[in-house]
Amino acid sequence: MTTCDTEILAAMDSDRERGFRLLVSRYGEPLYWHVRRLVVLHDDAQDATQETFVRVYRSYDSFRGDSSLAVWLYRIATNEALRILKRRREGVFSLDDPGLGLESVRADEYIDYSDIEAVRLQEAILRLPAKQQIAFNMRYYDDMSYADIAAVTGATVVSVKSNYHIAKEKILKYFSRADMPGLR
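Residues numbered from 1 in each chain as written. Predicted model: local features only at pLDDT ≥ 70, side-chain atom pairs only at ≥ 80, totals over all residues. Heavy atoms only, no water.

Would you mind going over the confidence of the model for the protein chain with me for this structure?
Regions with low pLDDT carry predicted coordinates that are not meant to be interpreted in detail. When pLDDT is averaged across the protein chain, the result is 84; 80% of the residues are at 70 or more. Low pLDDT, under 50, characterises residues 95–105; the predicted model gives this stretch 21 contacts beyond four residues in sequence or across chains. (pLDDT = per-residue confidence, 0-100. Contact = heavy atoms within 4.5 Å.)

As structure tokens, then:
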């Protein structure tokens, strides 16, 4: 646990309101972006992040310290994101199906579509199954260890490594397709 996390936990124990403000200040933005990469839409990411912090506040007394504070928070945030995705699931996209267009799932006005490579990377990630998407996002964007990702997802380290590497290969395959000009 980082010193910052130790301070947050101590503050939560002595003054819940102050500790919670420290927690939100430290983890609000990273959790928002973690959730955002999974749910894509700004409003959904805000809802899931807010619900994450509500759950954390209500269930703080159940935090036993078996994992780091960050792992516990990311587990709750990931579950909230998956709950939103499950509610809105209209269809499943696969990188193995090149005929699918993602225009209908492109993010809202908060995305800069002028960075074509970033948009295509996001499209490729969105085509992955949820387990691969989560493993890739947490490793690539959040720079989490395989062990921490396994703790967040309730999977084994071997499973997380496998999901990450399969995701990476699918993304590379997506970028190497002939209909993706300039991205070989």
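I tried to follow the pattern of salt bridges on my own but got confused; where do I start?
Oppositely charged side chains may form a pair once their charged atoms are brought near each other. Tallying each qualifying case throughout the model produces 6 salt bridges. A salt bridge links R55 to E80; the shortest N-O distance between them is 2.3 Å. Remark: E80 occurs in helix α4 (residues 69–88) and R55 occurs in helix α3 (residues 42–59); sequence separation between them is 25 residues. Residue R55 is classed as partly exposed on the basis of its relative accessible area of 34%. By relative accessible area, E80 is classed as buried at 5%. Close ionic contact of D66 with R64 constitutes a salt bridge, the shortest N to O distance being 3.0 Å. A single network of salt bridges, built from pairs that share partners, joins E51, R55, E80 and R83. (Salt bridge = Lys/Arg side-chain N within 4 Å of Asp/Glu carboxyl O. Helix = DSSP H or I, 4+ residues; strand = E, 2+ residues; numbered from the N terminus. Buried < 20%, exposed > 50% of the residue type's maximum accessible area, 1.4 Å probe, protein only.)

Mind showing me how you'd approach the packing of helix α5 (residues 116–126) against helix α6 (residues 130–140) here?
How two helices sit against one another is set out by the angle between their axes and by the gap between those axes. Closest axis-to-axis distance for the α5/α6 pair is 9 Å, and the angle between their directions is 140°. Here α6 runs oblique to α5, going by the angle between their axes. On α6, the residues that touch L121, I125 and L126 of α5 are Q133, F136, N137 and Y140. The residue makeup of the contact of α5 with α6, split by class, is 5 nonpolar, 2 polar and no charged. (Axes fitted to C-alpha atoms, helices over the stretch in contact; angles between N-to-C directions. Parallel < 35°, antiparallel > 145°, perpendicular 65-115°, else oblique. Nonpolar A, V, L, I, M, F, W, Y, C, P; charged D, E, K, R; others polar.)

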